[in-house]
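Below, each chain spelled out in residue letters.
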Amino acid sequence: MRRDVFQAIADPTRREIINLIAHNTLNLNAIAENFDVSRPAISQHIKVLTECGLVEITQQGRDRYCNIQFQKLAEVSKWVEQYRTFWTSKLDALETHLLKDAKSK
């Protein structure tokens with residue numbers, strides 16, 4: 001199955017994993033300790049993040065460490081920006097209309 005970055009960020013647990021490893025490279029056990037779900041469930045979330053290209057796993061001895069790949073989040077930022085621009089212009093037009101209407105009363 002083809003996965004994309006939007007599938008990765010759709011789940012709140014995966015978003016929290018992204019937040020955790022955005023600040024520190026962590027091994028899988030350190031990530032799992034932050035959640036009230038099973039270690040295999042966290043591994044599944046990590047797998048989705050890896051398939052989407054948001055996480056890269058590196059092996060150091062017996063431990064596997066997760067590193068965030070921020071460049072993939074640029075895809076989300078670009079998509080959101082188009083709607084921010086659209087809604088900003090719409091809300092600015094509404095504000096202008098309301099101010100004009102309030103002055104005419």
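Structure first, text after, so check above.
Everything numeric here is computed off the predicted structure, so don't read it as measured data. (Residues numbered from 1 in each chain as written. Predicted model: local features only at pLDDT ≥ 70, side-chain atom pairs only at ≥ 80, totals over all residues. Heavy atoms only, no water.)

Q: Just to check I follow, could you spell out helix α2 (residues 12-23) for this structure?
A: Residues that lie three or four places apart on an α-helix share one face, since the helix turns once every 3.6 residues. Across its 12 residues, α2 extends 18 Å between first and last C-alpha, which sits within 8% of the 16 Å expected from 1.5 Å per residue. Among the residues of α2, those classed as buried are Arg14, Ile17, Ile18, Leu20 and Ile21. All buried residues of α2 lie within an arc of 165° about the axis, which places them on one face of the element. Away from its buried face by more than 90 degrees, α2 exposes Pro12 and His23. Against α1 (5-9), β1 (26-27), α3 (28-32), α4 (39-51), β2 (55-60) and β3 (63-68) lie the buried residues of α2. Of the residues flanking the start of α2, the one acting as N-cap is Asp11, its side-chain oxygen 2.8 Å from the backbone nitrogen of Thr13. (Helix = DSSP H or I, 4+ residues; strand = E, 2+ residues; numbered from the N terminus. Expected span 1.5 Å × (residues − 1). Buried < 20%, exposed > 50% of the residue type's maximum accessible area, 1.4 Å probe, protein only. Arc of directions from axis to C-beta. Contact = heavy atoms within 4.5 Å. Polar contact = N/O pair within 3.5 Å; in protein donor to acceptor, adjacent residues only side chain to side chain.)

Q: I would appreciate a short explanation of the side chain of Gln69 in the present structure.
A: Examined against the element boundaries, Gln69 turns out to sit in the loop between β3 and α5 (73-103). Beyond its immediate sequence surroundings of up to four residues, Gln69 is in contact with Gly53, Leu54, Val55 and Glu56.

Q: Honestly, the sheet that holds β1 in this entry has me stumped. Any pointers?
A: The sheet built from 3 strands is open, its strands ordered β1-β3-β2 with antiparallel pairing. Strand pairing shows two members of the sheet lacking a second neighbour, β1 and β2, which therefore form its edges. In the sheet, β1 pairs with β3 via 2 bridges, with the strands oriented antiparallel. By the bridge assignment for β3, Leu26 is matched with Cys66. Here α2 sits on the sheet and contacts β1, β2 and β3; the angle it forms with β3, its principal contact strand, is near 95°. (Pairing = 2+ DSSP bridges. Axes fitted to C-alpha atoms, helices over the stretch in contact; angles between N-to-C directions.)

Q: Where do I start with the nonpolar core in this structure?
A: Across soluble globular proteins, nonpolar side chains have a tendency to be buried as a group. Counting residues in hydrophobic clusters, the biggest one holds 21 residues, and the most contacted among them are Ile17, Ile21, Ile31, Ile42, Ile46, Leu49 and Cys66. If you list the elements that add at least two residues to this core, you get α1, α2, α3, α4 and β3. (Core = buried A, V, L, I, M, F, W, Y, C linked by side-chain atoms within 4.5 Å.)

Q: When you look at the pattern of salt bridges in this model, what are you seeing that I'm missing?
A: Where side chains of opposite charge bring their charged atoms close, a pairing between them can arise. Under the defined criterion, the tally for this structure stands at 3 salt bridges. Taking the shortest distance from any N to any O, the salt bridge between Arg3 and Glu51 comes out at 2.3 Å. You can see Arg3 sitting in the segment before α1 and its partner Glu51 sitting in helix α4, a full 48 residues away along the chain. Note on Arg3: relative accessible area 26%, which makes it partly exposed. With a closest N to O distance of 3.8 Å, Glu75 and Lys72 form a salt bridge. We classify Glu75 as partly exposed; its relative accessible area is 37%. (Salt bridge = Lys/Arg side-chain N within 4 Å of Asp/Glu carboxyl O.)

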